[in-house]
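Listed below are the residues making up each chain.
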Amino acid sequence: MLWAAHQLESYNIFPLTHSVVAVKDTDSQYRSAVLYCSHSGKLQLLWLHRANNLFQRGMKQNVSTPELSTKEKQIPFSETLNKHLEYLGLCGDDTDAEDQILESLNGILLAITEDKQRSFRLLRGSGIFPTLAKILKGNPRCAVKAAHVLSEIAKNEEMKKPCIEADLVLSLIPLLESTDQEMLLHAGRAIGRICYDNRSLQEELVKVGVIPSLVRILTDYAETEPLVHVALLALYNLADLDSAKEALSMTKVAEQLVKQLRRAESHERLEIVFEVLQALAENDALKVQLVDAGVPEVLSEILLRLQGSSQAEDTCIVKAASDLIVSLLLGDGNCLRMFQLGVVHQLLDLLEKHVQSGDTSVQQAALSALQSLAVPVVSKVQMLEEGVAERIEALLRAESPPVQFKLLGTLRTLADGQADAAEILGQDPQLLNRLVQWCSVSDHSGICREANRLLASILHHNRSQEVVKAIQAAQGVKHLVSMTTSEHAAMQNEALNALAIASAIDLETLEESFKESQLVQSLHKLLRDDNTSPEVKYNSIGLLCRLLNSGNLRQEIEEDKIKDTLEQLCSHSNADVVKEAITTLQVLRGETPH
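Residues numbered from 1 in each chain as written. Predicted model: local features only at pLDDT ≥ 70, side-chain atom pairs only at ≥ 80, totals over all residues. Heavy atoms only, no water.

### Examining the overall build of the protein
Helix and strand content of the protein: 36 helices and 3 strands. With 594 residues in all, the protein has 53% of them scored as buried. Surface accessibility of the protein: about 27200 Å² in total, with carbon and sulfur atoms responsible for 47%. (Helix = DSSP H or I, 4+ residues; strand = E, 2+ residues; numbered from the N terminus. Buried < 20%, exposed > 50% of the residue type's maximum accessible area, 1.4 Å probe, protein only. Areas by Shrake-Rupley, 256 points an atom, 1.4 Å probe, with all protein chains shown as cover.)

### Examining the nonpolar core
Among the nonpolar cores identified, the biggest contains 184 residues, and Leu172, Leu347, Leu435, Phe514 and Leu547 are the most heavily contacted of them. Top element by residues in this core is helix α31 (residues 489-516). It accounts for 10 residues. In contact with Leu172, other than residues within four places in its own chain, are Leu136, Ala147, Leu150, Ala187, Ala190, Ile191 and Ile194. (Core = buried A, V, L, I, M, F, W, Y, C linked by side-chain atoms within 4.5 Å. Contact = heavy atoms within 4.5 Å.)

### Topic: unusual backbone geometry
Look at Asp167: it is not a glycine, yet its phi comes out positive at around 55°. A positive phi angle is found at Gln518, which is not glycine, with a value near 55°. Along the polypeptide, Gln518 turns up in the loop between α31 and α32 (519-528). With a relative accessible area of 48%, Gln518 lands in the partly exposed category.

### Observations concerning the packing of helix α33 (residues 534-547) against helix α36 (residues 575-588)
Orientation of α33 relative to α36, taken along the N-to-C sense of each, is 15°, at an axis distance of 9 Å. Judged on the interaxial angle alone, α36 and α33 are roughly parallel. With respect to the hand of their crossing, α33 and α36 are arranged in left-handed fashion. Contacts between α33 and α36 involve Pro534, Lys537, Tyr538, Ile541, Gly542 and Cys545 from the first element and Asp576, Val577, Glu580, Ala581, Thr584 and Val587 from the second. Taken together, the residues of the contact of α33 with α36 sort by class into 7 nonpolar, 2 polar and 3 charged. (Axes fitted to C-alpha atoms, helices over the stretch in contact; angles between N-to-C directions. Parallel < 35°, antiparallel > 145°, perpendicular 65-115°, else oblique. Left-handed = near helix turned anticlockwise from the far one by under 90°. Nonpolar A, V, L, I, M, F, W, Y, C, P; charged D, E, K, R; others polar.)

### Structural notes on the environment of Leu459
Relative to the helices and strands, Leu459 is located in helix α28 (residues 445-461). Residue Leu459 is classed as buried on the basis of its relative accessible area of 2%. Separated by 41 residues in sequence, Leu459 and Ala500 place their C-alpha atoms 9.4 Å apart. Sequence-distant contacts of Leu459, defined by excluding residues within four places in its chain, comprise Val468, Ile471, Leu480, Ala498, Ile501 and Ala502.

### What about helix α24 (residues 388-395)?
With 6 of its 8 residues buried, α24 lies for the most part within the structure. Buried within α24 we find Val388, Ala389, Arg391, Ile392, Glu393 and Leu395.

### With respect to the packing of helix α15 (residues 253-263) against helix α16 (residues 267-280)
α16 packs onto α15 with a crossing angle of 150° between their chain directions and a minimal axis gap of 9 Å. As the angle between them shows, α15 and α16 are arranged roughly antiparallel. As α15 packs across α16, the resulting crossing turns out to be left-handed. Every residue of α16 that contacts α15 at Val253, Leu257, Gln260, Leu261 and Arg263 is listed here: Arg269, Leu270, Val273, Phe274, Val276, Leu277 and Leu280. Classifying every residue of the contact of α15 with α16 by side-chain character gives 9 nonpolar, 1 polar and 2 charged.

### Some points on empty space enclosed by the protein
With the rule as written, the count across this model stands at 3 cavities of 30 Å³ or more. Approximately 110 Å³ is the volume attributed to the largest cavity. Along the walls of the largest cavity sit 13 residues, with Ile191, Gly192, Leu205, Ala234 and Leu238 positioned nearest its centre. The set of elements that each furnish at least two residues to the lining of the largest cavity consists of α10 (181-195), α11 (199-207), α12 (210-220) and α13 (225-238). Among the elements that line the lining of the largest cavity, the one with the most residues is α10, at 4 residues. Here the residues of the lining of the largest cavity are counted per class, giving 9 nonpolar, 4 polar and no charged. (1 Å grid on protein atoms, 1.4 Å probe; cavity = no way out; pocket = protein on both sides within 12 Å on 5 of 7 lines; lining within 4 Å. Points joined across faces, edges and corners; volume = space filled by probe spheres on them.)

### Notes on the pattern of salt bridges
The final tally for this structure, using the stated rule, is 20 salt bridges. Between Lys160 and Glu157 there is a salt bridge, with the nearest N and O atoms lying 3.2 Å from each other. What makes Lys160 buried here is its relative accessible area of 9%. Under the relative-accessibility criterion, Glu157 is labelled exposed at 57%. (Salt bridge = Lys/Arg side-chain N within 4 Å of Asp/Glu carboxyl O.)

### Digging into the side chain of His524
Mapped onto the secondary structure, His524 falls in helix α32. Exposure remark for His524: the relative accessible area of 3% places this residue in the buried category. A polar atom in the side chain of His524 sits 2.7 Å from the side chain of Asp560. In terms of polar contacts, His524 uses its side chain to reach the side chain of Thr565, at 2.6 Å. Look past the residues within four positions of His524 in its chain and what remains in contact with it is Asp560, Lys561, Ile562 and Thr565. (Polar contact = N/O pair within 3.5 Å; in protein donor to acceptor, adjacent residues only side chain to side chain.)

Take a look at the structure:
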């Protein structure tokens with residue numbers, strides 16, 4: 001018996017007072033049991049079959065200290081872990097057995113380190129998870145180690161289910177209010193791993209108030225890397241939830257994210273912060289907070305710092321910064337702020353560099369940011385004053401279709417509603433000649449479409465005869481006439497409106513091109529086609545009315561018997577079409593419209 005007890009002691013199972021006793025069962029076979037004596041004096045009985053085997057082997061060999069093989073001197077892996085689990089199951093809620101509980105928890109961690117798969121298999125069948133919940137709730141000294149165990153267990157996908165079933169997440173959340181950094185680290189990791197990719201659990205986290213705790217960790221431990229990492233990862237996983245965004249809008253998370261953006265040294269950290277910011281920027285209230293907290297300034301600093309780099313990691317950060325600029329644009333004041341920070345020229349610098357390197361991801365991100373910045377009126381004026389249009393035109397010379405496509409869209413946005421921009425672009429012979437070439441490009445339909453739309457936009461928003469003459473001289477009118485028959489109604493209307501405005505400015509200059517391109521016949525075809533949309537018919541009639549101011553074009557209209565078609569349209573189902581048809585008929589007949 002003493003030999004068996006000595007053997008158990010050598011296994012370092014637990015530093016508890018124990019006695020080995022022989023117990024004779026009904027089959028007259030001996031078994032050994034260890035009586036563990038807790039600090040409270042309460043006896044817990046745990047049967048150990050390994051001890052029984054050793055005892056019986058000693059009895060048979062009739063020796064007190066037999067020579068064992070190396071294998072026999074080692075307790076099998078599963079047996080050691082099982083003993084830890086069995087002890088926790090019996091004594092896990094005993095606050096007087098903290099040293100033993102801690103040793104068992106350490107034993108579990110060691111077993112996981114040695115063999116994860118076998119450990120997880122034994123843990124799943126042990127029923128230990130409710131005990132861990134009790135330790136988290138009722139044993140402060142052991143709770144840190146229990147949280148550590150759970151953070152390791154939750155790395156395995158299959159181990160999440162028993163954690164969830166034991167309501168361990170709800171037991172872990174209060175621990176995030178601790179001032180113990182080790183507790184915060186392990187509890188945060190455990191919660192994050194258990195709830196990863198589980199939307200219902202994540203919603204529950206937000207509901208029970210995890211957001212303020214995460215922001216508090218970022219605030220109180222802003223310089224403690226492991227805790228910052230845990231908090232940011234948690235925010236990254238929750239930020240897509242509307243409930244999380246709403247909760248975050250009630251905190252000062254924007255200030256903390258700006259702080260982390262400034263102090264981030266690794267690409268990984270920058271990427272995590274950018275991901276969180278991108279998600280939060282979808283919420284208008286948070287968007288304002290992010291701008292007020294200084295995110296645009298930090299983005300400008302990052303672009304300036306990385307614009308000369310060719311490293312792949314830096315390129316990813318530049319792209320993320322450009323994307324975030326687009327997401328943060330809210331109102332004219334914000335765009336003006338971006339200009340004052342020099343963001344627009346930084347984006348153009350990036351474009352000029354990456355057009356040569358062929359990095360399309362950065363190109364697309366920077367171009368999207370530029371196009372978004374060109375939308376507000378205040379931005380258009382600022383862009384013109386700072387020579388942005390000229391820099392964009394220079395970039396158009398690059399033989400990169402994706403870049404050219406986006407740049408054309410940016411110039412069109414710049415000209416939209418801005419006569420000064422339309423006049424500058426419309427009197428640039430090099431740009432116009434390039435546009436006319438692209439208008440008939442067949443192997444790049446997107447560029448062809450954007451070139452036509454930019455040409456139409458310049459004419460539409462222009463108020464100068466010089467621009468009309470320049471487009472006529474560049475032979476761009478025929479392309480706009482062709483555009484009236486586009487399969488896209490939006491493009492048809494853009495062309496019709498542009499030609500109507502140009503006709504009002506200088507019909508004499510355009511008359512010959514209209515005849516050569518058979519504009520009148522194209523318009524008549526649109527009016528007779530039942531599939532033509534009411535808006536296109538309305539704009540076609542409006543353009544016809546303008547053409548009646550030319551004697552030669554009036555003659556074409558009369559010869560093509562458009563009058564009969566207009567009379568039929570007087571009974572059209574669309575009231576605007578009817579009104580425009582009646583007005584044009586009156587002009588055609590020489591009557592005064594009323």
